[in-house]
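Letter by letter, the chains look like this.
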Amino acid sequence: YTFPVDTVGNLGTSNNVIDRLLEDKQGNWWLGTLYAGLDYYDRTKGIFTHYKPNPTDPHSILGESVWSLFQDSQENIWIGTRGGGLNLWDEANKGFIHYKHDKKVPASLSNDIINAVFEDSKGNLWLGTNNGLNLFHPVSKNFTHYFLKDGLPSDAIQSILEDGQGNLWLGTNNGLSCFNPVTKAFRNYELNDGLQGSVFNSGAALKTTQGEMYFGGTNGFNVFHP
């Protein structure tokens, strides 16, 4: 597909720099752009709807740059942004619910740069931010945080995958980490363990049907079976 930049109407994307792409369970596309918000492409109708920050609309998307897109098992669409926190698409009201860092609220989101959104096999939603790993609690709308002081090799979490034993594998700015959500223990891997480099990239993680994991970074990629 090649989409022209849309200047009038819903003929194309709002920006020709597409950083993230999600095909939802209905077959429609959500496109995260750099500096122009979020685009939704209805493949049946062949038209775009653009969502951009609007200071006069409290239900508009927060954040001009979309860093991560994820649809969970309940078919909720989660949008992680660079500086605008976490946005949840509210289908009923055709708007967004916002989750942001608030230094006055300790259980709020730990950082407004969301590099990764991931749902584990138990239905828990995890967020990789530029300042810690976050676990979202849907009833209280609060977050549990994990930081360098808790055992992470870096507070910048770029990617998240889950292995067959329920461990989370985290690509960070300082190596790879394996986190056990039950024991809360981290096992960290460094350059001398065979990593491509210390820094891993946002969005560059894949688990195959055979259980192998791929993590991409600034000096290539690693592949392994947990």
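For the structure given in this document, a descriptive report is provided here. Within each chain, residues carry numbers counting from 1 in the order of the written sequence. Given that this is a predicted model, residues contribute local features only at a pLDDT of at least 70 and side-chain atom pairs are listed and counted only at 80 or more, while totals for whole chains, interfaces and linings are drawn from all residues. Side-chain measures were taken over the full set of non-hydrogen atoms in the model, leaving aside hydrogen atoms and water.

Aromatic contacts are taken between Phe, Tyr and Trp rings whose centres are within 6.5 Å, Trp giving its six-membered ring; a plane angle under 30 degrees counts as stacked, one over 60 as edge-to-face, and the others as tilted. Within this structure, the stated rule accounts for 22 aromatic pairs. Between Y41 and F48, the aromatic rings sit 4.7 Å apart at their centres with planes inclined by 35 degrees, giving tilted as the arrangement. The residues Y41 and F48 share a single accessibility class, namely buried. Where Y146 meets F186, the ring centres are 6.3 Å apart and the plane angle is 65 degrees; that geometry is what we call edge-to-face. Taken as a pair, Y146 in strand β12 (residues 142-146) and F186 in strand β16 (residues 185-189) lie far apart in primary sequence, 40 residues in all. F186 shares its class with Y146; the two are buried. Chaining the aromatic ring pairs together yields one cluster made of W30, Y40, Y51, W89 and F96. Buried means the residue's accessible area, taken with a 1.4 Å probe over protein chains only, is under 20% of the maximum for its type, while exposed means over 50%, and partly exposed covers the values in between. Runs of H or I in DSSP of at least four residues are treated as helices and runs of E of at least two as strands, each being numbered from the N terminus.

What follows concerns the pattern of salt bridges. Salt bridges, as used here, are contacts in which a Lys or Arg side-chain nitrogen is within 4 Å of a carboxyl oxygen on Asp or Glu. All told, the structure shown has 5 salt bridges when counted by the stated rule. For E23, the salt bridge identified is with R43, shortest N-O distance 3.0 Å. Within this pair, whereas E23 is found in strand β1 (residues 18-23), its partner R43 is found in the loop between β3 (38-42) and β4 (47-51), the two being separated by 20 residues in sequence. Of the residues examined, E23 reaches a relative accessible area of 47% and is grouped as partly exposed. Residue R43 is classed as partly exposed on the basis of its relative accessible area of 34%.

Spatially, the 4 strands line up as an open sheet ordered β5-β6-β7-β8, and their pairing is antiparallel. For this open sheet the edge positions go to β5 (66-71) and β8 (95-99), each flanked by a neighbour on one side alone. With direction set aside, neighbouring strand axes in the sheet form an average angle of 25 degrees. Should DSSP find at least two bridges between two strands, the strands are taken to pair. When β5 meets strand β6 (residues 77-81), the two strands line up antiparallel, connected through 5 bridges. Bridge assignment links L69 to a residue of β6, and that residue is I79. Between N-to-C directions, angles cover 0 to 180 degrees, with each direction set by a line fitted to C-alpha atoms, over the stretch in contact for helices.

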